[in-house]
Amino acid sequence: MILGNQIVRLEEVDSTNNFLAEMQSKNTAFEGLVVVAKNQTNGRGQRGNTWETEEEKNLTFSFLLKPNIVVNEQFMISKVVALGLFDFLQLCRIDAQIKWPNDILVNEKKIAGVLIENTLSGNKIANAVVGIGLNVNQNTFGKHISATSLNIEMGEELVIDEVMKNLLVGIEKRYLQLKTNPSKINEDYLQHLLGLNKPKQFSVEEKNLTGVIKGVSLLGKLQVAINGELQEFGMQEIKMVL
Ligand code: BTN
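Residues numbered from 1 in each chain as written. Predicted model: local features only at pLDDT ≥ 70, side-chain atom pairs only at ≥ 80, totals over all residues. Heavy atoms only, no water.

**Here's the deal with the packing of helix H2 (residues 75-91) against helix H4 (residues 160-180)**
Relative orientation of the contacting elements H2 and H4 amounts to 135°, with a least axis distance of 8 Å. Classed by the angle they form, the pair H2 and H4 counts as oblique. In this structure, H2 meets H4 at a crossing whose hand is right-handed. Here Met76, Ile77, Val80, Leu83, Gly84, Leu85, Asp87 and Phe88 of H2 come into contact with H4, specifically with Val163, Asn166, Leu167, Gly170, Ile171, Arg174, Tyr175 and Leu178. (Axes fitted to C-alpha atoms, helices over the stretch in contact; angles between N-to-C directions. Helix = DSSP H or I, 4+ residues; strand = E, 2+ residues; numbered from the N terminus. Parallel < 35°, antiparallel > 145°, perpendicular 65-115°, else oblique. Left-handed = near helix turned anticlockwise from the far one by under 90°. Contact = heavy atoms within 4.5 Å.)

Have a look at this one:
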């Protein structure tokens, strides 16, 4: 498989994830196919949020994977994608961190977000639509949004298509590593995880508390020590307060 060997380029779409999922459901998408749009009118984020970006300034795209891994291991795909983004940023000399589950931050400001939507066949992940929003040339963000971009971090404008190509190479490398050396994926993910082994503020059921991230379970749950007791949380159950 070569990620991005074929690319569907759109001027405008509601969401590249929707578009690719639709192609997949009609059997017109194959592994590695990329859908990229200059503008999304209804970009979707995690936890039912929207993903809004300035028109034509940022990278918004999705690609199809057919990982054929068991459902229990689905979080490996999140790790692969987060590390691909991390590696790409490192090549740009940007020191990033992964905020569980797979936000990418630079100095605690968000530079990229990932939305992965799986379809199953039996107990296997047959299709994963991986959507990435990466801030590229946008250099102002709303007052209440703590975000940054490649342009802000590097001080130069970038060609969005070049960024996508290089990022895809990075993600593909990690995807191959999933088959050859999965423990390296686990190790690197933890190494770059924001807040590992450091006391941080979290919000759980609208209450603020201090906890220490100890790791991430196989199922992708965040393991946090709170008052000396290790607890596991799903995505809807905990938020790190930055
Ligand atoms: C998040 O941080 O909440 C995830 C954001 C994911 C946004 C990308 S942009 C391309 C793809 N299409 C979508 O509708 N969402 C993802």
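**A look at unusual backbone geometry**
In this model, Trp100 is joined to Pro101 through a cis peptide bond whose omega is 0°. Positive phi, normally seen in glycine, also occurs at Asn27, with a value near 60°. Along the polypeptide, Asn27 turns up in the loop between helix H1 (16-25) and strand S2 (34-40).

**What to know about the sheet that holds strand S11 (residues 229-233)**
Taken in spatial order, the 5 strands line up as S11-S10-S9-S8-S12 in an open sheet, and their pairing is antiparallel. This sheet does not close on itself; its edge strands, each paired only once, are S11 and strand S12 (239-240). The pairing of strand S8 (residues 199-204) with S12 spans 2 bridges and is classified as antiparallel. Bridged to Ser203 within S12 is Lys239. (Pairing = 2+ DSSP bridges.)

**Some details on the pairing of S2**
Of all 7 residues in S2, 6 are buried, a share of seventy percent or more. Strand direction decides the pairing type here: strand S1 (residues 7-13) and S2, joined by 6 bridges, are parallel. Residue Leu10 lies in a different strand from S2, and its bridge partner there is Ala37. Taken together, S1, H1 and S2 constitute a β-α-β crossover, and its handedness is right-handed. With 4 bridges connecting them, S2 and strand S3 (residues 59-65) associate as antiparallel partners. (Buried < 20%, exposed > 50% of the residue type's maximum accessible area, 1.4 Å probe, protein only. Right-handed = clockwise from strand over helix to strand, strands pointing away.)

**A closer look at the environment of Glu52**
Within the secondary structure, Glu52 is located in the loop between S2 and S3. Under the relative-accessibility criterion, Glu52 is labelled exposed at 68%. Sequence separation between Glu52 and Gln40 is 12 residues, and the spatial gap between their C-alpha atoms is 7.9 Å. Looking at Glu52, its side chain comes within polar contact range of the side chain of Thr50, at 3.2 Å. (Polar contact = N/O pair within 3.5 Å; in protein donor to acceptor, adjacent residues only side chain to side chain.)

**Some remarks on the pattern of salt bridges**
Using the criterion set out here, one finds 11 salt bridges in the structure. For Lys200, the salt bridge is made with Glu108, and the minimal N-O distance between the two is 3.6 Å. Taken together, the positions of Lys200 in strand S8 and Glu108 in the loop between strand S5 (103-106) and strand S6 (109-121) put the pair 92 residues apart, joining distant regions of the chain. A relative accessible area of 34% means that Glu108 is categorised as partly exposed. What emerges from the salt-bridge pattern is a single network uniting Asp87, Arg174, Lys184 and Asp188. (Salt bridge = Lys/Arg side-chain N within 4 Å of Asp/Glu carboxyl O.)

**Focus on the site of the ligand**
Lining the immediate surroundings of the ligand are 20 residues, of which Ser15, Gln40, Arg44, Gln46 and Lys110 lie closest. In this structure, a nitrogen atom belonging to the ligand sits 3.2 Å away from a side-chain N or O atom of Thr16. Between Lys110 and the ligand, the recorded distance is 2.6 Å, taken from a side-chain N or O atom to an oxygen atom. The protein chains hide 98% of the 420 Å² of surface that the ligand would expose on its own. By residue number, the principal contributor to the shell around the ligand is S6, which donates 4 residues. The class makeup of the residues in the shell around the ligand is 5 nonpolar, 12 polar and 3 charged. (Near = heavy atom within 4 Å. Areas by Shrake-Rupley, 256 points an atom, 1.4 Å probe, with all protein chains shown as cover. Nonpolar A, V, L, I, M, F, W, Y, C, P; charged D, E, K, R; others polar.)

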